[in-house]
Amino acid sequence: MPATSTEERDTIAVRPAVTADAHTLAALAIQVWLSTYATEGVNDLLARYVLGEFTPSKFVALTEDAAACLLVAEIDSHLVGYALVRFGVAQPLIPSAEAELCTLYVQEPFTGAGVGTALLREARASIRKRTGTDALWLSVNVKNRRACGFYEKHGLVEKGRTHFVLGEGRHENHVLALIP
Ligand SMILES: CC(C)(COP(=O)(O)OP(=O)(O)OC[C@H]1O[C@@H](n2cnc3c(N)ncnc32)[C@H](O)[C@@H]1OP(=O)(O)O)[C@@H](O)C(=O)NCCC(=O)NCCS
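In this report, the structure presented in the accompanying data block is examined. (Residues numbered from 1 in each chain as written. Predicted model: local features only at pLDDT ≥ 70, side-chain atom pairs only at ≥ 80, totals over all residues. Heavy atoms only, no water.)

**Thoughts on the site of the ligand**
Close contacts around the ligand come from 23 residues, with Val106, Gly116, Thr117, Asn144 and Lys153 the closest. Separating an oxygen atom of the ligand from a backbone N or O atom of glycine 116 is a distance of 2.7 Å. Protein contact buries 73% of the 960 Å² of open area that the ligand shows by itself. Secondary-structure elements contributing two or more residues to the shell around the ligand are α2 (22-37), β4 (99-106), α5 (115-131), β5 (136-141) and α6 (145-153). With 7 residues, the top contributor of residues to the shell around the ligand is α6. The residue inventory of the shell around the ligand, partitioned by class, reads 11 nonpolar, 9 polar and 3 charged. (Near = heavy atom within 4 Å. Polar contact = N/O pair within 3.5 Å; in protein donor to acceptor, adjacent residues only side chain to side chain. Areas by Shrake-Rupley, 256 points an atom, 1.4 Å probe, with all protein chains shown as cover. Helix = DSSP H or I, 4+ residues; strand = E, 2+ residues; numbered from the N terminus. Nonpolar A, V, L, I, M, F, W, Y, C, P; charged D, E, K, R; others polar.)

See the structure below:
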């Protein structure tokens, strides 16, 4: 059931991912990625991308990666979203930011209920703890109006553009930053 009531919002718990989350994260990531980007249906390129990118073994490796912070959001013992921060990832447009928010995914029925905000809050706390600043950067597809609006609401500002390349396709992304 969608988590839209105040009572349900109170049950959102964010915690670091553990190895046992890996299969759940892989399934969740594929579902969110396809529902966000496979707007014209699934083809071989997209299928190969998600099945190669979002694997349980890659999520296990992320839980063990000292240069990454993988957070999950749970409601009633089910994962409904996750965030991935990587440290030490340079972005020439924002040289003062050492941390990239690589991924922020919320399962569609739980969007609009505060899960993304809770994950972003904990991601920012992890960045502050690790780097001593709030500075972070991320890239987001220019067509992803909901995510762009969400990040704007949370104070991120555009610093430039980049492209996500998949097969023959070049997908324009905003490069956004939060600079304290
Ligand atoms: C973008 C995303 C992470 C937001 O997470 P969420 O759990 O829905 O976000 P929250 O419920 O915490 O907050 C939503 C807020 O964003 C605002 N928002 C949503 N769409 C918006 C838009 N188009 N313009 C402005 N604000 C918008 C809402 O008004 C809401 O604010 P409110 O709490 O004051 O009402 C989520 O929608 C998601 O995972 N989408 C699919 C994957 C994706 O696009 N990820 C980002 C890729 S970079």
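**Focus on unusual backbone geometry**
Of note, aspartate 76 is a non-glycine position whose phi angle comes to about 50°, a positive value. You can see aspartate 76 is positioned in the loop between β2 (68-75) and β3 (78-87). Even without being glycine, serine 77 reaches a positive phi, approximately 65°. Of note, serine 77 is situated in the loop between β2 and β3.

**Quick look at the environment of arginine 48**
With respect to the element layout, arginine 48 can be found in helix α3 (residues 44-53). Measuring from C-alpha to C-alpha, the distance between arginine 48 and isoleucine 30 comes to 11 Å, with 18 residues separating the pair along the chain.

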